[in-house]
Amino acid sequence: MNINWYPGHMKKTIEDIQAKSKLVDFYIEIIDARIPIASRNPLLRKVLQNKKGLLILNKTDLSNSEQNVLWKKKLSDDNNKAVLYSAAKPNSSLIVREALNFMQDEIAKKEEKGINMGPLRAMIVGIPNSGKSTFINGISKTKSAKVGNRPGVTKINQWIKLNPKLHLLDTPGVLWPKFEDESVGLNLAFTGAIKDEIMDIETLALRLIERLISIDENILKNRYNVEIDGEPIEVMERIGRKRGAIVKGGEIDYSKVANIVLDEFRKGVLGNITLETIDGRI
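Residues numbered from 1 in each chain as written. Predicted model: local features only at pLDDT ≥ 70, side-chain atom pairs only at ≥ 80, totals over all residues. Heavy atoms only, no water.

Draft legend 1. Layout of the overall build of the chain. Looking only at helices and strands, one finds 12 helices and six strands in the chain. Taken along its principal axes, the extent of the C-alpha atoms in the chain is 80 × 40 × 35 Å. Expressed as a percentage of its 282 residues, the buried residues of the chain come to 49%. Sequence separation of at least 24 residues holds for 68% of the intrachain contacts in the chain that already meet a minimum separation of 6. Only carbon and sulfur atoms are counted for the fraction: they give 46% of the accessible area of the chain, which is about 13,900 Å². Both charge centroids of the chain, one from 44 positive and one from 36 negative side chains, sit 8 Å from each other. (Helix = DSSP H or I, 4+ residues; strand = E, 2+ residues; numbered from the N terminus. Buried < 20%, exposed > 50% of the residue type's maximum accessible area, 1.4 Å probe, protein only. Contact = heavy atoms within 4.5 Å. Areas by Shrake-Rupley, 256 points an atom, 1.4 Å probe, with all protein chains shown as cover. Lys, Arg positive; Asp, Glu negative; His and termini not counted. Charge placed at Lys NZ, Arg CZ, Asp CG, Glu CD.)

Rendered as structure tokens:
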């Protein structure tokens, strides 16, 4: 599939993030734990390369727990610290504690010089539909950031006073112009980071079925009570028959089947699934 999506406002957003980076001490990046590689925008890492990053592996309630632990270790280094998190169960005290611990060396250096930093300031960044708005609303206990089940909901920058010791600058979710690796584009599309409206969702769902079979054929077998043999299109058709996705004449309603499979994967109904695994990608 040819997947490229880069509206004009995203270019402007990247430029705005770069300009405002001087206002913050570090950044908090919201990452989808199901796709820890694909959900990290390389342009963001480039414009924020001089800042330390607290990496929130979000949606751990939807991803594989063993892979979560491995990715937390993999993504943490001298300038980055990964934190396992689920925005479905907000925990503002955890975020404040992790942020203060993460930046303690910088705070100590300032204090040694007699400089009062005041509250830490962090920019929150991430790709569309990474759960950034849900994350912010949960930890701030407000509806300060709009939430939607589609990418591109946050349109403006806004400051959020999470705690006397931590202020957050929200930014819109942003993608990048071209996906060099097709699997990156597919993973973004599977998880809803790219708008379904511009996708061929029937082909997308077929590719997801193919991927899920390669991970564990029991995922689809157990959920839809279908045999997993033959081609992925045959499996898709069996799911359609089981779910009554039939049009006049007994033909399969492929669009309906596609929506069922994509929706149930994204909501975690199919189980805790990580599409990008340490052993498979790194």
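Draft legend 2. Summary view of helix H7 (residues 182-190). For H7, the buried fraction is high: eight of the nine residues fall into the buried class. Listed in full, the buried residues belonging to H7 are Ser183, Val184, Gly185, Leu186, Asn187, Leu188, Ala189 and Phe190. Of the residues flanking the end of H7, it is glycine 192, one or two places downstream, whose phi is positive at about 90°.

Draft legend 3. Representation of the pairing of strand E4 (residues 120-126) within the structure. For E4, the buried fraction is high: six of the seven residues fall into the buried class. Pairing between strand E1 (residues 26-32) and E4: five bridges, direction parallel. In the sheet register, isoleucine 30 faces E4, and the bridge partner there is glycine 126. Across five bridges, the pairing between E4 and strand E6 (residues 166-170) is parallel. Counterpart to alanine 122 in the pairing with E6 is leucine 168. (Pairing = 2+ DSSP bridges.)

Draft legend 4. View of the pattern of salt bridges. Counted under the stated rule, the structure contains 13 salt bridges. As a salt-bridge pair, lysine 81 and glutamate 98 come within 2.7 Å of each other at their nearest N and O atoms. Taken together, the residues lysine 81 in strand E3 (residues 80-84) and glutamate 98 in helix H4 (residues 92-102) connect sequence positions 17 residues apart. A residue is classified by how much of its surface remains accessible, and lysine 81, at 23% relative accessible area, is partly exposed. Judged by its relative accessible area of 17%, glutamate 98 is buried. For aspartate 229, the salt bridge is made with arginine 238, and the minimal N-O distance between the two is 2.9 Å. Given a relative accessible area of 41%, aspartate 229 falls into the partly exposed group. The partly exposed category is assigned to arginine 238, whose relative accessible area is 21%. Three or more residues joined by partner-sharing salt bridges are found here, namely Glu182, Arg207 and Glu210. (Salt bridge = Lys/Arg side-chain N within 4 Å of Asp/Glu carboxyl O.)

Draft legend 5. Spatial organisation of the pairing of E3. Relative to E3, strand E2 (residues 52-58) runs parallel, the two being bridged by five bridges. The partner of leucine 54 across the bridge, within E3, is lysine 81.

Draft legend 6. Region of interest: helix H3 (residues 65-75). Where H3 is concerned, the buried positions are Gln67, Asn68, Trp71 and Leu75. Taken end-on, H3 shows its buried residues confined to a sector of 105°, consistent with a single buried face. Exposed and oriented more than 90 degrees from the buried face of H3 are Ser65, Glu66, Val69 and Lys73. Of the residues flanking the start of H3, the one acting as N-cap is asparagine 64, its side-chain oxygen 3.0 Å from the backbone nitrogen of glutamate 66. (Arc of directions from axis to C-beta. Polar contact = N/O pair within 3.5 Å; in protein donor to acceptor, adjacent residues only side chain to side chain.)

Draft legend 7. Fine view of the packing of aromatic side chains. Counted by the stated rule, this structure contains three aromatic pairs. Residues phenylalanine 26 and phenylalanine 102 carry aromatic rings whose centres are separated by 6.0 Å and whose planes lie at 70° to one another, so their mutual orientation is edge-to-face. Separated by 76 residues along the polypeptide, phenylalanine 26 in strand E1 and phenylalanine 102 in helix H4 bring together distant segments of the chain. Across the pair, exposure class does not vary: phenylalanine 26 and phenylalanine 102 are buried alike. Ring centres of tyrosine 85 and phenylalanine 135 lie 5.3 Å apart, and the angle between their planes is 75°; this geometry places the pair in the edge-to-face category. With tyrosine 85 in the loop between E3 and H4 and phenylalanine 135 in helix H6 (residues 132-140), the pair connects residues that are 50 residues apart, well separated along the chain. For the pair tyrosine 85 and phenylalanine 135, a shared accessibility class is recorded, and that class is buried. (Phe/Tyr/Trp six-rings, centres within 6.5 Å; stacked < 30°, edge-to-face > 60°.)

Draft legend 8. The nonpolar core, seen in detail. Core analysis: the largest hydrophobic core is formed by 59 residues, its most contacted members being Leu188, Leu220 and Ile239. In this structure, Ile30, Leu54, Phe102 and Met103 belong to the second largest nonpolar core, which totals 24 residues. (Core = buried A, V, L, I, M, F, W, Y, C linked by side-chain atoms within 4.5 Å.)

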